[in-house]
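Examining the three-dimensional arrangement
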Amino acid sequence: MKRDKSSLKEENQKLREEIEERKTKFLNNWQNAFLYPDWRKEIFQPGEVLLDADTAHCNLILSEDRRCVTWGENPQELPDNPQRFHSLPCVLGQQHFTSGRHYWEVEVDESRAWDLGLCRDKIMRQGRVVIKPEDGFWVIRFYKDEYWALTAPETKLTLRNRTTRVCIFLEYERGCISFYDMTDHSHIHTFSQCSFSGSLRPLFRLWSSDSGQLRICPVHINTN
């Protein structure tokens with residue numbers, strides 16, 4: 001019995017050493033790695049993302065804490081604001097990112113149709129708006145049980161399971177935006193070699209009364 005316990009202890013120690021070795025390799029080459037989003041968080045700054053009511057489409061209802069957006073069947077009477085989306089049911093995050101590495105997570109399990117990503121602060125909000133990188137949008141979509149990267153043309157994505165939480169990583173100087181499925185910690189898609197200029201802002205979109213809601217997760221800072 002003593003020998004079995006000793007053997008088990010050695011195996012656990014080897015496993016811990018292997019994990020630390022993998023983590024070290026990852027941290028030394030995180031730019032080229034799509035795995036282990038929790039380890040990526042050690043290099044990125046958590047973004048305290050809140051929704052900007054001045055940008056919200058009239059069918060989108062924001063919670064008091066400005067972390068949750070829900071579709072409202074009846075349009076609201078809202079102040080006429082040049083920042084507000086009129087043609088697309090979108091709302092932006094209040095935060096402006098102009099440099100650095102940032103991440104935030106969004107719960108999507110209560111939504112059947114959504115867009116998530118980032119866009120330039122100065123983008124079209126009225127008339128015919130096309131969501132694509134060339135027009136300042138870097139966005140993924142879930143619609144009719146399919147996932148898409150809104151490239152031009154659109155790119156169909158394959159996920160092992162339906163995700164309940166998405167983490168978005170922004171690397172401004174590198175021109176890179178990555179999406180991860182936090183349900184199984186797998187990589188979803190990366191927009192690379194992007195041409196960023198000026199402020200970038202988180203973007204959220206719902207589609208109809210059937211689309212449910214999106215909720216921004218609170219930031220938990222690791223103090224260890």
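The rules behind the values
- In this convention, every chain numbers its residues from 1, walking through the sequence in written order.
- In view of the model being predicted, local features appear only for residues whose pLDDT reaches at least 70, and side-chain atom pairs are presented and counted only at 80 or more, with totals across whole chains, interfaces and linings using the full set of residues.
- With hydrogens and water stripped out, all remaining heavy atoms of the structure feed into the side-chain values.
- We count a stretch as a helix when DSSP gives it H or I for four or more residues in a row; a strand needs E for two or more, and each element gets its number in order from the N terminus.
- The rule is simple: take the accessible area with a 1.4 Å probe, protein chains only, and divide by the maximum for that residue type; under 20% is buried, over 50% is exposed, in between is partly exposed.
- Shrake-Rupley sampling with a 1.4 Å probe provides the accessible areas, and residues are treated as covered by the protein chains on show and by no other component.
- Whether two residues touch is decided by their heavy atoms; if any such pair falls within 4.5 Å, the residues are in contact.
- Only when DSSP finds a minimum of two bridges between them are two strands counted as paired.
- Here an axis means a line fitted to C-alpha atoms, over the contact stretch when the element is a helix, while the angle between two N-to-C directions is reported on a 0 to 180 degree scale.
- Each Phe, Tyr or Trp ring (for Trp, its six-membered ring) is paired with any other whose centre lies within 6.5 Å, and the angle between the two planes then decides the class: stacked below 30 degrees, edge-to-face above 60, tilted in between.
- Consider the ring centre and the ring normal. A charge sits over the ring if Lys NZ or Arg CZ is within 6 Å of that centre and within 35 degrees of that normal.
- None of His or the chain ends enter the tally, which takes Lys and Arg as positive and Asp and Glu as negative.
- Here, a salt bridge means any side-chain nitrogen of Lys or Arg that lies within 4 Å of a carboxyl oxygen of Asp or Glu.

The protein is annotated in an unreviewed UniProt entry as Butyrophilin subfamily 1 member A1-like of Echinops telfairi.

1. Focus on the overall build of the protein
Of the regular secondary structure elements, the protein holds two helices and 14 strands. A total of 224 residues make up the protein; the buried ones form 46% of that total. Carbon together with sulfur atoms contributes 46% to the accessible area of the protein, which is approximately 12600 Å² in total.

2. Overview of the environment of Ser-192
Within the element layout of this structure, Ser-192 appears in the loop between β12 (186-191) and β13 (200-206). Residues Ser-192 and Glu-171, 21 residues apart in the sequence, show an inter-C-alpha distance of 9.5 Å. With sequence-adjacent residues up to four places away left out, Ser-192 is seen in contact with Gly-175 and Cys-176.

3. Side note on the sheet that holds strand β6 (residues 114-120)
Strand order across the open sheet formed by six strands is β4-β13-β6-β7-β8-β9, with antiparallel pairing between neighbours. Of all the strands in the sheet, the pair left with one neighbour each is β4 (90-92) and β9 (155-157). For this sheet, the mean inter-axis angle between neighbouring strands, taken without regard to orientation, is 20 degrees. Examined bridge by bridge, strand β8 (residues 146-149) and β9 share three bridges and lie antiparallel to one another. Bridge pairing in β9 links Trp-148 to Lys-156.

4. Observations regarding unusual backbone geometry
Cis geometry marks the peptide bond from Ala-152 to Pro-153; its omega dihedral reads 0 degrees. Of note, the phi angle at His-185 is positive, near 60 degrees, even though the residue is not glycine. Following the sequence through the fold, His-185 ends up in the loop between β11 (176-181) and β12. His-185 sits in the partly exposed class, given a relative accessible area of 33%. For Gln-193, which is not a glycine, the phi torsion comes out positive at approximately 55 degrees. Summarising the element assignment, Gln-193 is placed in the loop between β12 and β13.

5. What to know about the packing of aromatic side chains
Under the criterion given, the structure shown has 11 aromatic pairs. Put simply, the rings of Phe-44, Tyr-103, Phe-169 and Tyr-180 touch in pairs and so form one group of aromatic residues. Above the face of the Phe-169 ring, Arg-40 is positioned so that its terminal group lies 4.9 Å from the ring centre.

6. So, the side chain of Arg-120
Along the chain, Arg-120 turns up in strand β6. Buried and unpaired, Arg-120 has Asp-135 as its nearest opposite-charge partner, separated by 7.0 Å. Non-local contacts of Arg-120, meaning those with residues more than four positions away in its chain, are made with Asp-135, Gly-136, Trp-138, Ser-195, Ser-197, Ser-199 and Leu-200.

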